[in-house]
Amino acid sequence: MTKADSEKTPQQLKEEGNEAYKNNDWGTAIEKYTQAITISTEDRDSSVLYKNRAAVYLKIEDFENTVKDCTRCLEITPKDPKALFRRAQAYESLEQFEKAYADARALQFIDPKNKDVQEMLSRLHKIVQDLIEEKTKTSGKVQQLFEILFDPGSEKDKRETCANNLVALAKERAGAELLLKQNILARMVQMLKTEANVEIKVACARTLSEFCKDLERTKMILQEVGIPWLLDLMNSKVQVLVNATQYTIQTIFNTLAGMDIKKEKKPDKNLLAANQKEIDSLMATMVSIVTQRTMSGECRDAVIELILKNVTYEKLNWGDKFIRMGGIEKMLDICSELEEFNFESRIDITDNTRMTTAICLSNVYDTQYDDKMKEAYHQRVDEYIRLRLLTPDIEHKIRVTVAITTLLLGPLDVGGRLITKEGILEMMLVMANTDDVLQQKVACEALIAAASKKDKCRPIITQGTDILKKLYQSKNDSIRVRALVGLCKLGSMGGTDASMKPFSEGASLKLAEACRRFLVNPSKDKDMRRWACEGLSYLTLDADVKEKLINDRPAIRSMIELAKSGDMNCLYGVVATFVNLCNAYDKQEVIPEMVELAKFAKQHVPEAHDLDDPDFIEKRVKVLAEEGAAGALTALSKTDSHNSKELIARLFNALCQMQENRGLVVQQGGSKALLGLAAEGTKKGKTVAAQALARIAITINPETAFPGQRAYEVVRPLLKLLDPECEALENFEALMGLTNIAGMSESTRKRIIKERGLPLIENYMFEHHEMIRRAAIQCMANMCASPDIVKILEGKNDKFKYLFLCTSDEDEEIIKAATGALCMVMSESPKCLVKVFEANDWEEILKFLLSHGNKEIQYRGTIIVYLLVCHDKQTAEKVIDTHCKTALEAISKIDNPELVLPKAREYAHDTLKLCATQWKLIKDPDVVDE
């Protein structure tokens, strides 16, 4: 809210909202009504404001918000006829016909003579009757379905078909209600106690997830089934069942809190207040059971993922609660578990558990906003480590080292502080120098993670390099490869600075060759190859290594094959290597004056390598695209790490920077992956993912690149690139992409309006940058095919007038876009047509178009003049009494397609003919004077 708006009363803001509504300016209307609601203290005023805002939501087809606002209005004034009618309309559009019918019936009692209500009742009565008949039929089918599904003796295929039919039924409101009335929950719980068929279990979990999309049904399921039962269902080694149940639990969170992670919809404070007890209970249950020994590793990973996804929401306040419940200690217990501890009481883990736990610890740390809270986090970790080291046996030292490694992979500040504590680094170096393979292994991993910052690298280089070299001579490959990665990381300490080499000249190439041998050797297991990738991720900061690796196609293919396996442990190694190859990281701007100043002060100045010139980078990007890197990135994009998502988004954007690569990205599933990356991740990650989507939308037919629902999903990320904080190139590419999206269908245009994209597009129509302004006007031209836009242009504003003025621009592409928009709008709207004369120099503009050297612009000019003349005699007389008549006569007589398009000649002739025969303003052009 601006300072000026903050000084206004609710009544003043309401009146401004009403004026915006009259002018079809929906975005402004919503903004004004929302501001008024925020400061309103009177129930009566709030009731009217909710009702008015609901009217706007109804106009932009946001039916869910229409229902919410009408319901709020009716809670204050229960018999408000407008609120009832608007809610009935919204319910009908949402296909909730019984609720729409109930509102219409209630409205009929209040206003029995209302014809609109009578028509609605008549229409809904038939629909509701048909639904009752359908329910009767469906009820019989459901009974048959139950008889087969709940009979263990029935055929396996038939039972599986029936179970999958449950999911389809649960998606429909009527079907869900019918199933619940048939006591489906109790029967399902009873059946699953002994059910061994995984497909049936998965179908039951999916059915529950559909039920849980409604708040009332969610509460019923929590009461009758309960989270412990769902967690027990998820406690499986079968990943598809774990995923299905995890989705059900996340759906419960979303419904109770009114949020949606994929749609970036944050928790609703009203729902949160009403359901806080249930939400906190879910959290408490998950934290309490996460370290249970009877839980499968797959289930444990799913529980941790649920925590890390939801803990970041400030309104949920889960970070503090998680810490108070001992969540940090539980995560450290889990991450310090190793498969090598072969005793029955150990916690079951998977290959992804440690990385998932690291992300969770990092997300929790990020919720601690001030120094005091962060210090409390540090103290809990310090105390955990201290207590474990009180028992000086080898197992506890190993566990502590693994826990510190995990912290270095997650909340780096926490892990970094532990490394600096007296005796910790020395303990790791001693462990690395023993003959015990397990100690060597965990110590190597810890040293690799600890070398993330230069201030930590120095003591490791001083004390640990010789130990790592010694370990590299080990006969155990798992030790050798880890020692190799440690040396690679220390060797890359200079980063991209070609002048800084910690080791001797050529050492990086030798280390890279050693990594390559592990990577391309088919006899090495996936874990070895993963570590080899991580080694290359450090070495490829060196441009010489980049060039050697990109020319080694077998090594590139091996990395891509490893990534396509979907193993999240290989994510960092593969993605970081590819980022280095593409130079897709942020580069510090080099200011020549600052460089000279640094040299004068005898400060070190980083030097760029010749092999990092744009031509070399382009070649490397092209190779990655040809070898299928986009498919590998698609497989890895399912990660929960926001930082990893950003790296993947950067790579996709680097691939899409070259036009010829964009088709390959789409073919390999990149557009779907990018939609997910643009919806969730870091701010920078979401921005670069959106830019990649914009580049795809520019080059490839959006119907091919974004089939079905994806055409609507791509609108939001593209609109976010229109933020003034984004770079000019991002603004331009977003507008170009939106131009193609707007040209697809009326549905996509409505989505752009619904996402409040119109004011953003209009803003860039006034941009000083010629290319951006052109793109915005072209986008608006495609938007003008929408009747909703035509209504906005008809309102009391200068939007149409500005479009008309754009037809006299110096840029021919802007003129084409503006004239195209005018042709569409004027053919549909007489109100807009007469607005032409509001421009002071309308006569000059029309003459400019008719006499333009570009044949396409001239043709559109003849259409505009023809539409004006068709309107009425008075308008025709205004136009024909100008120099336009002379221009039209000249155009109608030129029979040379190279000078005038035949279509333009035809329109010019028809315009003159109309003025002569219908309006009797001039002589008939077809009559020859005697």
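For the structure, see preceding data.
Note that the structure is a prediction, hence the values are computed from the model and not measured.

Participant: How do you make sense of the overall build of the protein when you look at a structure like this?
Facilitator: Secondary structure summary: the protein contains 55 helices and 0 strands in total. In terms of overall dimensions, the protein has a C-alpha envelope of 115 × 75 × 60 Å along the principal axes. Summarising the internal contacts of the protein: among those between residues at least 6 apart in sequence, 68% fall at separations of at least 24. On the protein, roughly 42900 Å² of surface is accessible, and the fraction owed to carbon and sulfur atoms is 49%. Across the protein, the mean location of the 130 positive side-chain charges is 3 Å away from that of the 141 negative side-chain charges.

Participant: Explain the packing of helix 16 (residues 269-289) against helix 17 (residues 297-310) to me, please; I cannot follow it from the model alone.
Facilitator: Two quantities define a packed helix pair, namely the angle between the axes and the distance from one axis to the other. Contact geometry of helix 16 with helix 17 gives a least axis separation of 10 Å together with a crossing angle of 140 degrees. As the angle between them shows, helix 16 and helix 17 are arranged oblique. Between helix 16 and helix 17 lies a crossing of left-handed hand. Residue-level contacts link M283, M286, V287 and I289 of helix 16 to V303, L306 and I307 of helix 17.

Participant: Looking at this structure, I do not really get the packing of helix 29 (residues 526-539) against helix 31 (residues 553-564). What am I missing?
Facilitator: Closest axis-to-axis distance for the helix 29/helix 31 pair is 11 Å, and the angle between their directions is 120 degrees. Judged on the interaxial angle alone, helix 31 and helix 29 are oblique. Regarding helix 29 and helix 31, the two cross each other, and that crossing is left-handed. For the pair helix 29 and helix 31, the contacting residues are K526, R529, R530, C533 and L536 in the first and S558, M559, E561 and L562 in the second. When grouped by side-chain class, the residues that make up the contact of helix 29 with helix 31 number 4 nonpolar, 1 polar and 4 charged.

Participant: How do you make sense of the packing of aromatic side chains when you look at a structure like this?
Facilitator: Aromatic rings in a pair are described by how distant their centres are and how their planes are angled relative to each other. On inspection of all chains with the given rule, the structure shows 9 aromatic pairs. Taken together, a centroid distance of 5.3 Å and an interplanar angle of 75 degrees make the contact between F146 and F150 edge-to-face. We note that F146, like F150, is buried. With 6.3 Å between their ring centres and 45 degrees between their planes, Y538 and Y572 make a pair best called tilted. Here Y538 is found in helix 29, whereas its partner Y572 is found in helix 32 (residues 571-582), with 34 residues between them in sequence. Here Y572 falls in the partly exposed class, since its relative accessible area comes to 38%. Members of the aromatic cluster, connected to one another through ring pairs, are Y859, Y866 and Y907. Over the ring of Y384 we find R388, and its NZ or CZ is 3.9 Å from the ring centre. One cation-aromatic arrangement involves K878 over F837; the distance from NZ or CZ to the ring centre is 4.4 Å.

Participant: In this structure, what is going on with the pattern of salt bridges? I would like to understand it.
Facilitator: Opposite charge on two side chains allows them to pair when their charged atoms are near. Counting across every chain of the model gives 50 salt bridges. Residue E646 is joined to R650 by a salt bridge in which the shortest nitrogen-to-oxygen separation is 2.9 Å. Linking E646 with R650, this pair stays in helix 36 (residues 642-657), spanning 4 residues, or about one helical turn. When its relative accessible area of 10% is taken as the criterion, R650 is described as buried. Note that R716 and E755 form a salt bridge whose closest N and O atoms lie 3.2 Å from each other. Residue R716 is found in helix 42 (residues 715-720), and its partner E755 is found in the loop between helix 44 (746-754) and helix 45 (758-764); the two are separated by 39 residues along the sequence. Since its relative accessible area comes to 29%, R716 is described here as partly exposed.

Analysis parameters
Residues numbered from 1 in each chain as written. Predicted model: local features only at pLDDT ≥ 70, side-chain atom pairs only at ≥ 80, totals over all residues. Heavy atoms only, no water. Helix = DSSP H or I, 4+ residues; strand = E, 2+ residues; numbered from the N terminus. Contact = heavy atoms within 4.5 Å. Areas by Shrake-Rupley, 256 points an atom, 1.4 Å probe, with all protein chains shown as cover. Lys, Arg positive; Asp, Glu negative; His and termini not counted. Charge placed at Lys NZ, Arg CZ, Asp CG, Glu CD. Axes fitted to C-alpha atoms, helices over the stretch in contact; angles between N-to-C directions. Parallel < 35°, antiparallel > 145°, perpendicular 65-115°, else oblique. Left-handed = near helix turned anticlockwise from the far one by under 90°. Nonpolar A, V, L, I, M, F, W, Y, C, P; charged D, E, K, R; others polar. Phe/Tyr/Trp six-rings, centres within 6.5 Å; stacked < 30°, edge-to-face > 60°. Buried < 20%, exposed > 50% of the residue type's maximum accessible area, 1.4 Å probe, protein only. Lys NZ or Arg CZ within 6 Å of the ring centre and 35° of its normal. Salt bridge = Lys/Arg side-chain N within 4 Å of Asp/Glu carboxyl O.

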